[in-house]
Amino acid sequence: MRYVSTRGEAPVLNFEEVLLAGLARDGGLYVPAEWPHFAPKDWEALAGLDYPALAARVMRPFVGDVLGEDEFTALVAEAYAGFDHAAITPLREIAANEWILDLFHGPTLAFKDVALQLLGRLFDAVLARRGERVTIVGATSGDTGSAAIEACRDRAAVTIFMLHPKGRTSDVQRRQMTTVQADNVFNIAIEGTFDDCQGLVKAMFNDLAFRDALRLSAVNSINWARVMAQIVYYVHAVLALGGRPLVFSVPTGNFGDVFAGYVAAQMGLPIARLIVATNVNDILARTFATGGHTLGAVQPTMSPSMDIQISSNFERLLFDLYGRDGGAVRGLMAGLEASGGFHLGEQQRRAAAALFTSHRVDEDQTLATIGAVYRQTGALIDPHTAVGVAAGRACRQPGDAPLVSLATAHPAKFPAAVEQATGIAPRLPARLADLMSRKERYVTLPRDLGAVQDYIRQKAAP
Ligand SMILES: *Cc1c(COP(=O)(O)O)cnc(C)c1O
């Protein structure tokens, strides 16, 4: 499989090169040159496979001959061996013709593990073969740093440095990062805010001498391999429910997760509709409704992993909506940069509406949905999942295909909102039960680029 940039001016790459590059050199995102297609009988032939075997088959066309079939299959099996549930992404029925798809059985209790557990191993496999190593540097406000750390821990070719704002994450979030005992994991508490942390990471990437000397890399959500790994659970859900078309409701921030559903549909998977569920940070809901894609200020909510304004992976959808014209995408992105927005053409908006619906869910509705699902079924859902369920229910039409809402985080990851809505404090699963008594390991550094770079230089393996 060859990969092209959404902005049309970067070299065409293979899977290995795309994996290591992340962002394209023209500022665009890589996508496959064409979508592989599975006929109905091809999907049928996959029914009954366990999750790792299914995953290896669904991802195979994207990986091509970069990894041998046996090597890739073994790597996928290892990526999902650490999940808490035998089905990896099990479905639960919460009402008639309504399911939730649990994506939080990985090591850090959020759906990002599904992709990152594989990504870390893919990095290791291709770097080992090249005899190379990378230094991963990232910043986190608390929600997503642990998934990246768990992805990189114990990987021979990777060292990871994760910056978090000191004293500004919850204890559980900090401990999920700082109690990881691995020689290649370094947590840095910065005396500053999350924006300071992000600014420091950006400055390190812009310091080209430092960047090259340490071979800096990132595992952020624009990496194609993350999208690829997320296609699998859409297939798993459709096959588990007998192969009929489904409506998926997807709690959305950076548009990576729901874009994977779009790719599954392009591959021929029967998907009736994709509901792009947003919290009050509703730039995508506005875009699908009116065509206007205009940035606002980020508002903090109880579903913080969806508190975004710039939805990076949306560019991948734009590329298809504009007939894979990189020049058109460059024009839209220049508008976003220069004036904080662009307007989707009416033809493109209508084409998107054939598959996508979007709905905004406010904080009261999120709490009410956590409460309602608990009273109806006894199940506790986290606030991100609740945004998906609320949007799915609001967009439902009579005679619709069955509704599957993606459960993107374990309720114990966001206990305050769950307790406020239900009166019940969700418990951490057994694997994390002793989290609060584990030994922590991190350094505190000032908000100073030189100090952070000195520390990383000193700790990064040569
Ligand atoms: C990252 C995240 C999301 C948003 O996913 P995107 O792929 O960025 O749209 C939703 N819920 C949780 C819990 C997340 O961590």
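Residues numbered from 1 in each chain as written. Predicted model: local features only at pLDDT ≥ 70, side-chain atom pairs only at ≥ 80, totals over all residues. Heavy atoms only, no water.

(A) Representation of the overall build of the protein chain in the model. Looking only at helices and strands, the protein chain has 19 helices and 15 strands in total. Radius of gyration (C-alpha) of the protein chain: 21 Å, near the 23 Å computed for a compact globule of 462 residues. Projecting the C-alpha coordinates of the protein chain onto the three principal axes gives extents of approximately 60 × 50 × 50 Å. Here the protein chain, with 462 residues, has 59% of them falling under the buried criterion. Considering only contacts in the protein chain between residues 6 or more positions apart, those separated by 24 or more positions represent 75%. (Helix = DSSP H or I, 4+ residues; strand = E, 2+ residues; numbered from the N terminus. Rg over C-alpha atoms; globule rule 2.2 N^0.38 Å. Buried < 20%, exposed > 50% of the residue type's maximum accessible area, 1.4 Å probe, protein only. Contact = heavy atoms within 4.5 Å.)

(B) Quick look at the packing of helix 16 (residues 363-377) against helix 18 (residues 415-422). Where helix 16 contacts helix 18, the axes come no closer than 8 Å and their chain directions differ by 65°. Crossing angle aside, the handedness with which helix 16 passes helix 18 is right-handed. Taken together, the residues of helix 18 that come into contact with helix 16 (itself represented by Leu367, Ile370, Gly371 and Tyr374) are Ala417, Val418, Gln420, Ala421 and Thr422. Here the residues of the contact of helix 16 with helix 18 sort into six nonpolar, three polar and no charged. (Axes fitted to C-alpha atoms, helices over the stretch in contact; angles between N-to-C directions. Left-handed = near helix turned anticlockwise from the far one by under 90°. Nonpolar A, V, L, I, M, F, W, Y, C, P; charged D, E, K, R; others polar.)

(C) Highlighting the site of the ligand. Around the ligand sit 14 residues in total, of which Lys112, Gly253, Asn254, Asp257 and Thr408 are the nearest. In the model, an oxygen atom of the ligand is placed 3.0 Å from a nitrogen or oxygen of the Phe255 main chain. Burial of the ligand by the protein chains amounts to 95% of its free accessible area of 390 Å². (Near = heavy atom within 4 Å. Polar contact = N/O pair within 3.5 Å; in protein donor to acceptor, adjacent residues only side chain to side chain. Areas by Shrake-Rupley, 256 points an atom, 1.4 Å probe, with all protein chains shown as cover.)

(D) Representation of the sheet that holds strand 6 (residues 158-165) within the structure. Here five strands make up an open sheet; going across it, the order is 8-5-6-7-15 and the pairing parallel. Edge positions in the open sheet fall to strand 8 (216-217) and strand 15 (443-445), since each of these has one partner strand only. Bridge count for strand 5 (residues 134-139) against strand 6 is six bridges, and the pairing is parallel. By the bridge assignment for strand 6, Ile136 is matched with Ile160. Lying over the sheet, helix 7 (residues 171-178) contacts strand 6 and strand 7 (185-190), oriented at roughly 160° with respect to strand 6. (Pairing = 2+ DSSP bridges.)

(E) Focus on the pairing of strand 14 (residues 403-407). The element strand 14 is largely enclosed, with a buried count of five among its five residues. Neither face of strand 14 is left uncovered, since the one carrying Leu403, Ser405 and Ala407 and the one carrying Val404 and Leu406 both have all their residues buried. The pairing of strand 4 (residues 98-102) with strand 14 spans five bridges and is classified as parallel. Its bridge partner being in strand 14, Ile100 is matched across the sheet by Ser405. Judged from the three bridges that link them, strand 9 (residues 246-251) and strand 14 form a sheet pairing that is parallel. Pairing of Ser249 across the sheet is with Ser405, part of strand 14.

(F) How the structure looks around the pairing of strand 3 (residues 91-95). Bridge count between strand 3 and strand 4: four bridges; the pairing is antiparallel. The partner of Leu91 across the bridge, within strand 4, is Leu101. Between strand 3 and strand 4, which pair antiparallel in sequence order, lie two residues; one of them, Asn97, sits at a positive phi of approximately 60°.

(G) Spotlight on helix 18. Looking at helix 18, one finds that the buried residues are Ala417, Val418 and Thr422. The arc that holds the buried residues of helix 18, viewed along the axis, is 110°, so those residues lie on one side. Of the exposed residues in helix 18, those oriented more than 90 degrees away from the buried face are Ala416 and Gln420. Summarising the contacts, the buried residues of helix 18 are in contact with helix 16 and helix 17 (383-394). Gly423 sits one or two positions beyond helix 18 and adopts a positive phi of about 80°. (Arc of directions from axis to C-beta.)

(H) Summary view of the packing of aromatic side chains. Throughout the structure, instances matching the rule amount to 21 aromatic pairs. Each ring, one from Tyr80 and one from Phe83, has its centre 5.3 Å from the other, and the planes form 65°; the classification is edge-to-face. With relative accessibility at 3%, the residue Tyr80 sits in the buried group. Assessed through its relative accessible area of 9%, Phe83 is described here as buried. An aromatic cluster is built from Tyr3, Phe15, Trp35, Phe62, Trp224, Phe255, Phe259, Tyr262, Phe288, Phe314 and Phe356, whose rings are joined through pairwise contacts. (Phe/Tyr/Trp six-rings, centres within 6.5 Å; stacked < 30°, edge-to-face > 60°.)

(I) Representation of the nonpolar core in the model. Core analysis: the biggest nonpolar cluster contains 111 residues, and Trp224, Tyr234 and Phe248 have the highest contact counts within it. If you tally residues by element for this core, the top one is helix 10 (residues 224-240), at 13 residues. If we skip the residues at most four places from it in the chain, Trp224 touches Tyr3, Phe15, Val18, Tyr30, Pro32, Trp35, Phe62, Phe259, Val263 and Arg316. Core analysis: the second largest hydrophobic core is formed by 19 residues, Phe186, Met204, Leu445 and Ala460 among them. (Core = buried A, V, L, I, M, F, W, Y, C linked by side-chain atoms within 4.5 Å.)

(J) Broad picture of the pattern of salt bridges. Inspection of every chain in the model, using the stated rule, returns 27 salt bridges. Ionic contacts of the salt-bridge type, sharing partners, join the residues Glu16, Arg129, Arg130, Glu132 and Arg215 into one network. (Salt bridge = Lys/Arg side-chain N within 4 Å of Asp/Glu carboxyl O.)

Remember that the coordinates give geometry; whether it matters functionally is a separate question.
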